[in-house]
Amino acid sequence: MNCPTIDKLSQYVDNMLSKQELVDLSTHLESCKDCQHIVEKLDEEQKFLMETLQTPALPDDFASTVLAQLGPYKKQPKKPVWKRRMLFAAGLVLAVGFSTTLNPSFAKWVGGLFATDQVDEGLKIASNAGMAERVNREVTNHGLTLKVEDVVADTSRVALSYQIINKKGKIQDSYIELADSKNEIYASDQNGKRLEGVGLGWQDGSDYGLIEFSLREQEDLKAVNVTFDLVELDGVKGNWRLEIPVDLRERNKFTTTLSLNGAVTSMNGVEINMKEVRFAPSSSELLYETSFAKEEQAKVEEKIRNLKDRFGEEIVNSFTNFGTAIQYHIENEEKKTVYHHNSFLEGKGHPSDSGVLQGSGAEMGEIGQVAWNESFIPQKEDGKLTFVLDGVVKTVPSDFSIKFKPKELKKNPVSFEYEGNFITIKEAKKKLKLSLRKSLNPVDIENIFTIEMEGGKEAGSSDFGAWAIVDNQGKPFLAYHSGAILDEKDKNGRYKTTLDLKSYDIEEVSGELTLHLLSVTRYEKTGDKWEVPLYK
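Note that the structure is predicted; figures quoted are calculated from it, not measured.

Calculation notes
- Numbering of residues starts from 1 in each chain and follows the order in which that chain's sequence is written.
- Local features in a predicted model are, by the rule used here, given only for residues with pLDDT of at least 70; side-chain atom pairs are given and counted only at 80 or more, and totals for whole chains, interfaces and linings are based on all residues.
- The basis for every side-chain value is the complete set of heavy atoms in the structure, and neither hydrogens nor water enter the calculation.
- Each helix corresponds to a stretch of at least 4 residues labelled H or I by DSSP, and each strand to a stretch of at least 2 residues labelled E; elements are numbered beginning at the N terminus.
- A simple rule labels every residue: compare its accessible area, found with a 1.4 Å probe on the protein chains alone, to the largest value its type can have, and call it buried under 20%, exposed over 50%, or partly exposed in between.
- Residues count as neighbours in contact if any of their non-hydrogen atoms are within 4.5 Å of one another.
- Surface accessibility follows the Shrake-Rupley procedure with a 1.4 Å probe radius. Residue values consider only the protein chains on display as shielding.
- Here the expected length of a helix is defined as 1.5 Å per residue gap, with one fewer gap than residues.
- The arc in question is the one spanned by the directions pointing from the helix axis to the C-beta atoms.
- A pair of strands is labelled paired if DSSP reports no fewer than 2 bridges between them.
- A fitted line through C-alpha atoms represents every axis, and for helices the fit uses only the stretch in contact; the resulting angles, taken between N-to-C directions, go from 0 to 180 degrees.
- What makes a salt bridge here is a side-chain nitrogen of Lys or Arg within 4 Å of a carboxyl oxygen of Asp or Glu, nothing more.

Let's talk about the overall build of the protein chain
Broken down by element type, the protein chain carries eight helices and 28 strands. In the protein chain, which comprises 536 residues, the share counted as buried stands at 51%. Residue pairs at least 24 apart in sequence account for 69% of intrachain contacts in the protein chain once pairs closer than 6 positions are excluded. Carbon together with sulfur atoms contributes 47% to the accessible area of the protein chain, which is approximately 26400 Å² in total.

Points about helix 7 (residues 294-311)
The terminal C-alpha atoms of helix 7 lie 26 Å apart, and with 18 residues this matches the ideal 26 Å at 1.5 Å per residue to within 8%. Buried residues of helix 7: Glu296, Gln297, Val300, Ile304, Leu307 and Phe311, and no others. Seen end-on, helix 7 carries its buried residues on one side only, within an arc spanning 100 degrees. Pointing more than 90 degrees away from the buried face of helix 7 are the exposed residues Lys294, Glu295, Lys299 and Asp309. Residue Gly312 follows helix 7 closely and has a positive phi angle near 95 degrees.

As for the sheet that holds strand 8 (residues 223-233)
Overall, antiparallel pairing links the three strands, which are arranged 5-8-9 in an open sheet. Two strands in the sheet have a free side with no partner beyond their single neighbour: strand 5 (184-189) and strand 9 (236-247). Pairwise comparison of adjacent strand axes, ignoring direction, gives a mean angle of 10 degrees for this sheet.

What about the pattern of salt bridges?
Tallying each qualifying case throughout the model produces 26 salt bridges. The partner of Glu427 in a salt bridge is Lys429, and the shortest N-O contact between them spans 3.6 Å. Overall, the relative accessible area of 26% leaves Glu427 in the partly exposed class. In this structure, Lys457 and Asp463 form a salt bridge, with 2.7 Å as the shortest nitrogen-oxygen distance. For Lys457, a relative accessible area of 3% puts it in the buried group. Residues joined by salt bridges that share partners form a network here, namely Asp117, Glu121 and Lys124.

Okay, here's the thing in structure tokens:
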């Protein structure tokens, strides 16, 4: 499990996670000192809020003090980092030459935040291409002014730069609490329907904050109205309401769709169907579908039926998602990789999701059939780009199992190897679980049966999926799983791995248990090179 976002850790502190998320994150915290430190600081912040908000006003440096306490996840950077919360994070455009195809008189380039390195390349390109507009809308309450300066918008994104200014004209910290407050920032379409998601960005020492909305998958969008409805700003209670209308009708002219003519291939049991690319100035979307090939589909469905016969539908349906995906990169005319979509650990030199803004997959009826929508950030002078398939990903049923005796593990740990994973079962017993939120809430205690494993993982090896635990009477139990793959290698050159399984239903631990791996995710590289031009 990778380190969670501050949002997720904040939800943990506020007890807002689901049972599975709580188990996963609690397990991660046991082995991650960085996240433990952040949770402690979030606890301190919440306690500080409870004590301090009893007074009518907070200190001027309250927000900056709290942010300074939270700090980054790992090392302190030498220069300020642009922080994003609840954001659609990072993106790239597949179109080229926007500055030559847009009318320079459409809108005057205005600079401000969108002329700096604090925003991604797509927003800077869109701003330089005339998609920025200075609006200078503001509202003042209790001596604080919320000012929206510039808007950059096309059919893929709407981004706004804003400032918080005190009565002396001094720029304040731009952080706005959204997750755990009554503050609201939302966007609506021309019919008043709210759009999903809002992103907040801020940087220590910057004069600006950034609000961003993704317009991906929005059809026939003619206008967006962004509403700020804030009841607390820079630690001060009040009322700040602003509405920023954004007309997209002119901007629609600068978004084009390129059909990929249903380019189709089948590789290692996965079929790939390329649909289209939608070009917009600040980011573009690549649409394609993946599914199991006909013969592979029949095999997977048969194996799923066998799993349900052995372990029951509840266990199989609750924790096992069988699906397909692909790994790919995008090259420019010089055959240089400019974007890389890779969710499998490949080691240094093979970045994961380099240049990807965001992506989503929607299941489509048949097992393994997924419609993908992935967007990207443009780079200067990309030139003609080409999609290159690197491999396919399949989550399929597994028939692997391993027996062990819990009471003998201390003297004789059980080790096994499975598709590039070298794992040792270190411990299996009931454990008392204490809540970390000691400063604010009573300590919760649970008696949970826990299996702890560790070992090494070879780059590109299979990923474990869902597990079931079966006692010596043949009774299966649900197993909640969590773990982490560290960016650190063991003496054998494998990435260090931890894996924990937890069961809330096992009351008595039998002399022998069997672990059953229900699903496994495999990455299979392509044989022949398959390319799809992303240009006419």
